[in-house]
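So you can see what is in the structure, the chains are spelled out below.
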Amino acid sequence: MSHPQTERHPFLDDLTADAQLLSSVLRGPVTGRDAIRRVVDAVGTFSVSQTPTFVQDVGSRLVLEYEATLTSGEKLSAAVIVEHNPDGSVPRVSVRMSPLGAVLSLAAGLRERLSKQLPETLVI
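The rules we used
- Residues numbered from 1 in each chain as written.
- Predicted model: local features only at pLDDT ≥ 70, side-chain atom pairs only at ≥ 80, totals over all residues.
- Heavy atoms only, no water.
- Salt bridge = Lys/Arg side-chain N within 4 Å of Asp/Glu carboxyl O.
- Helix = DSSP H or I, 4+ residues; strand = E, 2+ residues; numbered from the N terminus.
- Buried < 20%, exposed > 50% of the residue type's maximum accessible area, 1.4 Å probe, protein only.
- Expected span 1.5 Å × (residues − 1).
- Contact = heavy atoms within 4.5 Å.
- Axes fitted to C-alpha atoms, helices over the stretch in contact; angles between N-to-C directions.
- Parallel < 35°, antiparallel > 145°, perpendicular 65-115°, else oblique.
- Left-handed = near helix turned anticlockwise from the far one by under 90°.
- Nonpolar A, V, L, I, M, F, W, Y, C, P; charged D, E, K, R; others polar.

Overview of the pattern of salt bridges
Moving on, step 1. Per the counting criterion, the structure on display carries three salt bridges.
Moving on, step 2. Between Asp13 and Arg37 there is a salt bridge; the shortest N-O distance is 3.6 Å. With Asp13 in the segment before β1 (15–23) and Arg37 in helix α1 (residues 33–44), this pair connects stretches of sequence that are 24 residues apart.
Moving on, step 3. Under the relative-accessibility criterion, Arg37 is labelled partly exposed at 32%.
Moving on, step 4. The closest approach of N and O atoms between Glu83 and Arg61, which form a salt bridge, is 3.8 Å. Here Glu83, found in strand β5 (residues 75–83), pairs with Arg61, found in strand β4 (residues 61–70); they are 22 residues apart in sequence, far enough to count as distant.

Okay, here's the thing in structure tokens:
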């Protein structure tokens with residue numbers, strides 16, 4: 001059963017089984033659809049709001065920028081680059097965030113939330 005385009009996540013629904021996520025809040029890549037979903041879901045729990053500010057397809061990539069307010073009250077800016085294979089599947093997602101204070105707060109929260117689910121070498 002297909003979903004209307006508006007209900008599809010910009011990349012989670014199309015991740016390959018061995019997809020990689022690179023992020024400012026991780027020490028290295030997270031590999032695998034399920035692990036990436038855990039990280040993305042956990043990041044969402046630290047946001048009070050997220051507002052997209054730019055979305056555009058550029059060749060085989062989707063570029064998405066957003067502003068977020070964290071539960072700590074800090075403001076966060078993020079740029080997401082989603083790479084697509086010719087068949088539409090997603091092998092790699094890169095998320096860059098700033099400023100550093102908000103990134104470190106988010107990283108600390110992720111460490112607490114995911115330390116038992118991800119290798120210790122990945123969480124900051």
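Here's the deal with helix α2 (residues 100–114)
Moving on, step 1. The end-to-end C-alpha distance of α2 is 20 Å, a good match for the 21 Å that 15 residues give at a rise of 1.5 Å each.
Moving on, step 2. Buried residues along α2 sit against α1, β4, β5 and β6 (90–98).

A few points about the packing of α1 against α2
Packed helices, taken two at a time, are described by the angle between their axes plus the distance between the axes.
Moving on, step 1. In contact at an axis separation of 10 Å, α1 and α2 are set at 125° when each is read in the N-to-C sense. Taken as axis vectors, α1 and α2 run oblique relative to one another. In the crossing of α1 with α2, the sense of the turn from one axis to the other is right-handed. Note on element contacts: α2 touches α1 through Leu106, Leu110, Arg113 and Leu114, opposite Arg38, Val39, Ala42 and Val43.
Moving on, step 2. Taken together, the residues that form the contact of α1 with α2 break down as six nonpolar, no polar and two charged.

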